Amino acid sequence: MHTSLHEPVTPDGPLRRLVHSCLDDLDELVAVFLAELRSMEPYASDAVPWSELREHAEGSMELLLRLAGGLAVPDRLGDLCERIGRSRAQAGVPLEVLLHAVRVDFRILWDAFARRVSEDELPSLVRSASRVWAAVDHHTTRIHLAYLSEAAVVAREQEHERAQLVARLLTTDARDPQVVAQVATALDVSADADFAVAAAPLPATRPLRDAADELSSRGISVHLQDVDRRPVLIAQLPAGVAAVPPRWLQEVPCGLAPVARTLAGVPRAVRIAAELAGTGATESGPRALPDVWSSVVAGRLGELGDALAAEVFGRMRGIGAGERSRLLETATAYLRTGSAGAVAGELYCHRNTVLNRLRRIDELTGCDLTRPDQAALFTVARACERSA
C-alpha cells in the first residue's frame with residue numbers, strides 16, 4: 001500500500017537533522033516511553049519481562065526514527081514488529097492495550113522533534129507530520145498482524161490443552177481431585193458450581209456449536225468437547241440459577257442431561273446427554289431424560305425389549321392397518337393427557353369412542369391404560385417396537 005514513507009526525505013532538511021539528533025538521545029526517548037508503560041496494565045504487573053520491554057522499546061524507537069528519516073534499517077530490526085506482536089500475544093496482553101502503547105510512540109517522537117526544532121524549521125516539520133505518522137502506522141500494522149496470527153495459534157493451543165484436560169476428566173470419571181482442579185482452572189470455572197451439559201445428535205451438530213458461541217458471547221463460561229464424534233456443551237450456570245435457562249438451548253436439537261451439581265458430576269452428565277442425543281428424539285429441541293425415558297429404557301433392554309414388544313403387540317399386529325393406526329393414535333393421546341374427554345376433543349370424536357378404543361387396546365395388548373403400571377408397560381413396549 002502506498003504511503004508517504006515511499007517519498008524521499010531531503011538529506012539536508014530539518015526532519016533528517018531531527019532524526020539524527022533523536023538517535024543520539026535514544027535513551028532519553030526510551031526512558032519516557034517506559035515510564036508511561038509502567039502505568040499500564042498488564043505491563044505494570046510484569047506480564048512481559050522488563051528487560052524484553054526495554055529491548056523492544058529501544059528497537060522500536062530506532063526503527064521509527066529510521067523510517068521517518070528515510071534511513072537504512074539494519075537487519076537486527078527487520079523482524080522487530082513481528083517479534084513484538086508474537087511476544088505480546090503469548091503474554092496475553094490485550095490487543096487494545098498493545099496498540100495504545102505502540103501509538104504512544106508518535107506523541108513521544110513528535111514531542112522530541114518539537115523540543116529540538118527551530119522556529120524557522122517548524123513549518124517544514126509540520127509538513128513532515130504525515131511521514132512520521134506513516135512510520136508509526138506501518139510499525140503498528142505489522143505488530144497488529146503478527147499479534148493476530150500468534151493469538152490464533154495460542155488460542156488453538158489453549159483449546160487443545162483444555163480439550164485434553166476435559167478428556168482426562170471424563171475418562172477418569174473425575175476421581176482425581178487434581179484433574180478436577182486443573183480443569184476448573186483451564187475452563188475458568190468453579191469446581192463447586194452447577195453445570196449444564198448437552199450433547200448434539202450426530203446428524204445435527206452445527207446448532208449446538210452455534211449455541212456455544214452465543215453463550216460465550218454473553219459472557220457464559222462454556223466449553224465444547226468432542227466426545228465420540230459428537231460435540232458436548234459444558235456451561236457453568238450463573239450463581240443462584242438451579243436449572244438450565246430455556247433460552248440457552250431453545251430449538252437446539254440436543255440431549256440435555258440433569259444439571260451436574262459440581263464439576264466432578266460432569267462426566268456422568270456427559271454420558272447421560274450423549275445417550276439422550278442418541279435416542280433419535282432430538283429433532284425439535286432439547287430432550288431431557290423425562291422426555292425420552294422410554295426410548296432410553298428400550299435401547300438398554302436389547303433382545304428383552306424385542307420379546308416385550310412381541311408379547312404386548314403380537315395380537316395387534318394381526319389387525320388392519322387402519323384400526324391399528326387409530327388405536328395407537330388414541331393410546332398416544334391418552335398417555336399424554338390422561339383424559340378421555342381431552343382425547344375426544346383432540347381427535348374430534350365422541351368420548352365413548354375413545355373409551356371403546358381403550359377397551360380394544362386392553363383386549364389386544366393386555367394393558368389397561370387407565371392403570372399407571374400397565375400404562376408404563378405399554379409405553380416401554382411401544383418404544384421397544386419402534387426401536388426394533
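Preceding this section is the structure that the text describes.
Throughout what follows, the structure given in this document is the object of discussion. No experiment lies behind these values; they were computed from the predicted model shown.

Here we take up the sheet that holds strand E3 (residues 230-236). Ordered by their spatial adjacency, five strands build an open sheet running E2-E3-E1-E4-E5, and the pairing between neighbours is mixed. If you trace the sheet from one side to the other, it starts and ends with strand E2 (222-227) and strand E5 (286-288), each paired once. Neighbour-to-neighbour, the strand axes of the sheet open up by a mean angle of 25°, direction not taken into account. In this sheet, E5 lies alongside strand E4 (residues 254-256) in parallel orientation, the contact comprising three bridges. Within the sheet, the bridge partner assigned to Cys 254 lies in E5 and is Pro 286.

Right, let's talk about unusual backbone geometry for a bit. The omega torsion of the bond from Glu 41 to Pro 42 falls at 5°, within 30 degrees of zero and hence cis. Looking at the secondary structure, you find Pro 42 in the loop between helix H2 (26-37) and helix H3 (50-69). A positive phi angle, close to 55°, is found at Asp 228, a residue other than glycine. Structurally, Asp 228 is set in the loop between E2 and E3. The class for Asp 228 is exposed, based on a relative accessible area of 66%. You will see that Arg 229, though not glycine, has its phi angle at about 75°, which is positive. Tracing the chain through its elements places Arg 229 in the loop between E2 and E3. On the accessibility criterion, Arg 229 (68% relative accessible area) is exposed.

Cut-off values and rules
- Residues numbered from 1 in each chain as written.
- Predicted model: local features only at pLDDT ≥ 70, side-chain atom pairs only at ≥ 80, totals over all residues.
- Heavy atoms only, no water.
- Pairing = 2+ DSSP bridges.
- Helix = DSSP H or I, 4+ residues; strand = E, 2+ residues; numbered from the N terminus.
- Axes fitted to C-alpha atoms, helices over the stretch in contact; angles between N-to-C directions.
- Buried < 20%, exposed > 50% of the residue type's maximum accessible area, 1.4 Å probe, protein only.

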